[in-house]
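# Observations on the three-dimensional arrangement
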Amino acid sequence: MNVNDIINSLNLISEKLFKSVEGEVYTTLDKIVNISPDILKSDPLKNIFFENKINGIILIANSLMMLYITYYMFTQLISLYNGNTTENVYTFIIKLVVIFILVNNSYFICELILNITSEITSSIELYGEDISGQDVTFSNLKEKIISIKDFMKNDLLSLDGLIKGVISFGAITILINFSIRYVTMIFLLIIFPLSLTTLTSSITSGIFKSYFKLFAVTLLTQIVVKLVILIPLMYKDVDSIMYKIILVGTIYIIYKINTFVKELFVKITEESKYSNIFRR
């Protein structure tokens, strides 16, 4: 087999790969990138979060709160002997009641959070549609890509061919990443009542902070993705080399979206190091 035959075989594989990506990957991404309240009514969460029925996770969370009460009573007894200060009993009771209410209304809270995020995402989609003239979706991004002149006929070893390969393999890895994100979101929603119980004690409150960071980053990802997709959709000269560079950059950012979003929002939950200027 000579070099030309090898190159032709690679070009054929590349073309088939992109066609398979074109046919399924982009439409699948549109289905899983937006996490809406409907996820609570779909499998498997519809069998866990349901209204007017006993919820096993909430029962476990309530049981954990009983352990926190036992621990608090134990520390109060110990403090009588060692003289250490403990949390005020009235403060503890008020905190316990608030957390109990939150835990037992966790389904409503999850739905509310998902509704707010979904509304923000929809607003960005409407804004993007208004300025670009098309829906901000992966499917429309695909249509934009295949509209590039002779895109499917480019040699794999050429610059355009390499860009086509990056886009094809990048789309597959993005699908894998967003599949992981989708399952992660399901897991985080399942343990949401359990995470709330960790606020009962200062010893475990750090667990909720870590949970909240992961929950926020995972959920806010869809908002950032819509803004990133909007960039190539607004570009008019699709046959220029700059557009192809933008495509490669877009695919890479979406591939690294978890790190990208984490770097954007990680400082939100950190306490300010600056003291109040009105204090002495």
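Heads up: the structure comes first, above all this text.
The present account deals with the structure reproduced in this document. (Residues numbered from 1 in each chain as written. Predicted model: local features only at pLDDT ≥ 70, side-chain atom pairs only at ≥ 80, totals over all residues. Heavy atoms only, no water.)

### Re the overall build of the chain
- Along the backbone of the chain there are 10 helices and zero strands.
- Starting at the N terminus and walking to the C terminus, you meet the elements of the chain as α-α-α-α-α-α-α-α-α-α.
- By the burial criterion, 39% of the 280 residues in the chain qualify as buried.
- If you take every contact in the chain between residues at least 6 apart in sequence, the share linking residues at least 24 apart comes to 81%. (Helix = DSSP H or I, 4+ residues; strand = E, 2+ residues; numbered from the N terminus. Buried < 20%, exposed > 50% of the residue type's maximum accessible area, 1.4 Å probe, protein only. Contact = heavy atoms within 4.5 Å.)

### Considering a nonpolar patch on the surface
- A surface patch of nonpolar side chains, amounting to about 580 Å² of accessible area, comprises V89, Y90, I93, V97, F100 and I101.
- Its location among the elements puts I101 in helix 3 (residues 89-104).
- Exposure remark for I101: the relative accessible area of 46% places this residue in the partly exposed category. (Patch = residues over 30% accessible without salt bridge, like charges linked within 9 Å, V, L, I, M, F, W, Y side chains within 5 Å. Areas by Shrake-Rupley, 256 points an atom, 1.4 Å probe, with all protein chains shown as cover. Salt bridge = Lys/Arg side-chain N within 4 Å of Asp/Glu carboxyl O.)

### Some remarks on the side chain of T198
- Mapped onto the elements of the fold, T198 is located in the loop between helix 7 (192-197) and helix 8 (205-234).
- What makes T198 buried here is its relative accessible area of 8%.

### Brief notes about helix 8
- The end-to-end C-alpha distance of helix 8 is 44 Å, a good match for the 44 Å that 30 residues give at a rise of 1.5 Å each.
- A bend of about 35° at T221 is the largest found in helix 8. (Expected span 1.5 Å × (residues − 1). Bend = angle between axes of the 7 residues up to and from the residue.)

### What to know about the nonpolar core
- F138 and F178 are the most contacted members of the largest nonpolar core, which totals 30 residues.
- Within the residue set of this core, elements represented by two or more residues are helix 1 (3-33), helix 5 (138-146), helix 6 (159-190), helix 8, helix 9 (241-255) and helix 10 (257-265).
- Residue contributions to this core peak at seven residues, all from helix 8.
- Not counting residues up to four positions away in its chain, the partners in contact with F138 are Y26, L29, D30, V33, V225, I229 and I254.
- If you look at the next biggest cluster of nonpolar residues, it comprises 29 residues, including F92, I186, L189 and Y211. (Core = buried A, V, L, I, M, F, W, Y, C linked by side-chain atoms within 4.5 Å.)

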